[in-house]
Amino acid sequence: MPKAYVFTRYGGPETEALVDVDRPSPGPGQLLVAVRAAGVNPVDWKLRTGYRRPGESGDRVFPAVFGNEVSGIVEATGEGVSGFAAGDEVFGNTVAGGYAEYALLPVEVTAHKPAGLSFADAAALPVAAATAYDGVRQLGLPAGATLLITGAGGGVGAAAVQIARAFGVRVVGVASEGKKEFVQSLGAVHVPSGPGLADRVRAAAPDGVDGVYDLVGAEVLTEAAGLLTDRTKLITAGAPEQTVADLGGARVARARTSAVLDAVAELVVKGDLDPHVTGTFPLERAGQALRAVEDGHARGKTVIEVAR
């Protein structure tokens, strides 16, 4: 039987297990994909603790498979599917988990993988890079403007820095001192995180910042908001909607379309975006991959590779 890495109830790492599961069958508008790689994201372990995404409702069915983004090869298509066929190399968001040998993908959030894109890099795009792309496009800053990105050393942050730079935007990236060289390598001016952030940003960008893309929330979001004269240029993926609304900003509006996946894949192929997959683990060590992200020390993206 196919294997998948799951959590059996809400809690900590003790709830996780690699188990045998039934091979899923694609429903209408779905693809069954033989997974080659699965991206690991902070939301994965947060869901294990009982966290619910904004707007999510209903009881979770256990065991629940980890993961929200994969790349792989189409095995079968569901009713009403067009544009995809068995044997196609694809990547996208999952219906119900991706740390597995097989996963279901909805066609509206699935794209064909370009030949020049590895499975590992493709699996790192649907969550972090797509979120980064949506946010940068939402801000709509012109070339030459200055964008402040908090949490610039993480998966979304690293992608946002590169995407903004590809659009000609100057970036000031906030991250820990240990991630200074990494953030600078992406093309951003590094500002250390911690108390007194606003003063350090003003020193790095004496002409001010034109937009803020927050990935941290809490006090960091509040302090960053104070650097803006136009709060409509304040967005966050790190704080609740009401919190940022009280500051005059908004949550990142996710497009969740194949067109966005095509766009970020094109940026990778052109050399404008490096997913920075810095850690890979086999499915049998999915727990270690998740710990690397949960502990907060991972730079760039962590990916689980599934041997075929």
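Procedures and definitions
- Residues numbered from 1 in each chain as written.
- Predicted model: local features only at pLDDT ≥ 70, side-chain atom pairs only at ≥ 80, totals over all residues.
- Heavy atoms only, no water.
- Pairing = 2+ DSSP bridges.
- Helix = DSSP H or I, 4+ residues; strand = E, 2+ residues; numbered from the N terminus.
- Salt bridge = Lys/Arg side-chain N within 4 Å of Asp/Glu carboxyl O.
- Buried < 20%, exposed > 50% of the residue type's maximum accessible area, 1.4 Å probe, protein only.
- Contact = heavy atoms within 4.5 Å.
- Axes fitted to C-alpha atoms, helices over the stretch in contact; angles between N-to-C directions.
- Parallel < 35°, antiparallel > 145°, perpendicular 65-115°, else oblique.
- Nonpolar A, V, L, I, M, F, W, Y, C, P; charged D, E, K, R; others polar.
- 1 Å grid on protein atoms, 1.4 Å probe; cavity = no way out; pocket = protein on both sides within 12 Å on 5 of 7 lines; lining within 4 Å.
- Points joined across faces, edges and corners; volume = space filled by probe spheres on them.
- Core = buried A, V, L, I, M, F, W, Y, C linked by side-chain atoms within 4.5 Å.

Enquirer: Please give an account of the sheet that holds strand β11 (residues 189-192) that cites residues and values.
Expert: Pairing is parallel in the open sheet, where six strands are placed in the order β11-β10-β9-β12-β13-β14. Two strands in the sheet have a free side with no partner beyond their single neighbour: β11 and β14 (250-251). Note that strand β10 (residues 170-175) and β11 share four bridges and pair parallel. Each residue of the ladder has a partner; that of Val174, found in β11, is Val191.

Enquirer: I'd like a rundown of the pattern of salt bridges, residues and numbers included.
Expert: For the structure shown, the criterion picks out eleven salt bridges. For Glu69, the salt bridge is made with Lys301, and the minimal N-O distance between the two is 2.7 Å. In this pair, Glu69 sits in strand β5 (residues 69-77) while Lys301 sits in strand β16 (residues 301-305), placing the two residues 232 residues apart along the sequence. For the residue pair Glu69 and Lys301, the accessibility class agrees, reading buried in each case. Among the charged side chains, a salt-bridge network with shared partners connects Glu16, Arg48, Arg291 and Glu294.

Enquirer: Now, about the side chain of Asp44: what can you tell me, with residues and values included?
Expert: Here Asp44 is to be found in helix α1 (residues 42-48). Residue Asp44 is classed as buried on the basis of its relative accessible area of 2%. Sequence-distant contacts of Asp44, defined by excluding residues within four places in its chain, comprise Gly39, Phe66, Gly67, Asn68, Tyr99 and Leu290.

Enquirer: So what about the packing of helix α3 (residues 125-139) against helix α9 (residues 258-270)? Which residues, and what values?
Expert: Two elements in contact, α3 and α9, have axes separated by 10 Å at closest approach and are oriented at 95 degrees. As judged from the angle between their axes, α3 and α9 are roughly perpendicular. Contact residues: α3 offers Leu125, Pro126, Ala129, Ala130, Tyr133 and Asp134, while α9 offers Val260, Leu261, Ala263, Val264, Ala265, Leu267 and Val268. Residue composition of the contact of α3 with α9, grouped by class: twelve nonpolar, no polar and one charged.

Enquirer: Please set out the layout of surface pockets residue by residue, giving values where relevant.
Expert: Gaps between atoms show up when a probe of the same size as a water molecule is rolled over them. The calculated volume of the second largest pocket comes to roughly 230 Å³. Only β1 (3-7) and β7 (102-106) provide two or more residues apiece to the lining of the second largest pocket. Considering every element that reaches the lining of the second largest pocket, the biggest residue donor is β7, with three residues. Looking at the lining of the second largest pocket residue by residue, the class counts come to eleven nonpolar, one polar and four charged.

Enquirer: Tell me about the side chain of Thr110, and please be specific about residues and values.
Expert: Mapped onto the fold, Thr110 is located in strand β8 (residues 110-112). Thr110 sits in the buried class, given a relative accessible area of 1%.

Enquirer: Requested: an account of the nonpolar core, with residues and values cited.
Expert: Counting 43 residues, the largest nonpolar core has Leu125, Leu147, Ile149, Tyr213 and Leu273 as its most contacted members. Secondary structure elements with two or more residues in this core: α3, β9 (146-150), α4 (155-166), β10, α5 (180-185) and α9. It is α3 that provides the largest number of residues to this core, a total of eight residues. Beyond its immediate stretch of four places on either side in the chain, Leu125 contacts Glu69, Phe91, Leu117, Ala130, Val264, Ala265, Val268, Leu273 and Pro275.

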